[in-house]
Amino acid sequence: MNCSIMLLRNRVSAQQARERKKAYLSELEVRVKELEKKNSELEERLSTLQNENQMLRHILKNTTAGMQGGGSSCKLCPTVEVLRC
């Protein structure tokens, strides 16, 4: 083969490799955006569940304390009335 044909093929191959790399990087950027969004959603859900867990622990603590010391209502949750069985 003559050198000019080999050089042309090499240039074409290099250009194709650059285009594949560019497409791959674009796909990765899309994936990063998707994962960042999912992470944000999961962090929000975690925060909500932690708050709910804290509230339930508080209610449980007050319920247990109320059973030991007579009926009382929760100071932080006045609508929750602790009943003694």
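Thresholds applied
- Residues numbered from 1 in each chain as written.
- Predicted model: local features only at pLDDT ≥ 70, side-chain atom pairs only at ≥ 80, totals over all residues.
- Heavy atoms only, no water.
- Helix = DSSP H or I, 4+ residues; strand = E, 2+ residues; numbered from the N terminus.
- Buried < 20%, exposed > 50% of the residue type's maximum accessible area, 1.4 Å probe, protein only.
- Areas by Shrake-Rupley, 256 points an atom, 1.4 Å probe, with all protein chains shown as cover.
- Patch = residues over 30% accessible without salt bridge, like charges linked within 9 Å, V, L, I, M, F, W, Y side chains within 5 Å.
- Salt bridge = Lys/Arg side-chain N within 4 Å of Asp/Glu carboxyl O.
- pLDDT = per-residue confidence, 0-100.

A. Structural detail: the overall build of the chain. A count of helices and strands for the chain gives 1 helix and 2 strands. In sequence order, the secondary structure elements of the chain are arranged as α-β-β. For the chain, the proportion of its 85 residues judged to be buried stands at 6%. Here the chain displays about 7,900 Å² of accessible surface, and carbon together with sulfur accounts for 57% of that area.

B. Representation of a nonpolar patch on the surface within the structure. On the surface, Tyr 24, Leu 25 and Leu 28 cluster together to form a nonpolar patch covering roughly 290 Å² of accessible area. Relative to the helices and strands, Leu 28 resides in helix 1 (residues 3-69).

C. Broad picture of the pattern of salt bridges. A full pass over the atoms with the stated rule returns 1 salt bridge. For Glu 34, the salt bridge identified is with Arg 31, shortest N-O distance 3.8 Å. Of this pair, Glu 34 and Arg 31 both sit in helix 1, separated by 3 residues, roughly a single helical turn.

D. Structural context of the confidence of the model for the chain. Per-residue confidence for the chain gives a mean pLDDT of 87; residues scoring 70 or more make up 79%. Mean pLDDT across the secondary structure elements of the chain bottoms out at strand 2 (residues 81-82), with 50, and peaks at helix 1, with 95.

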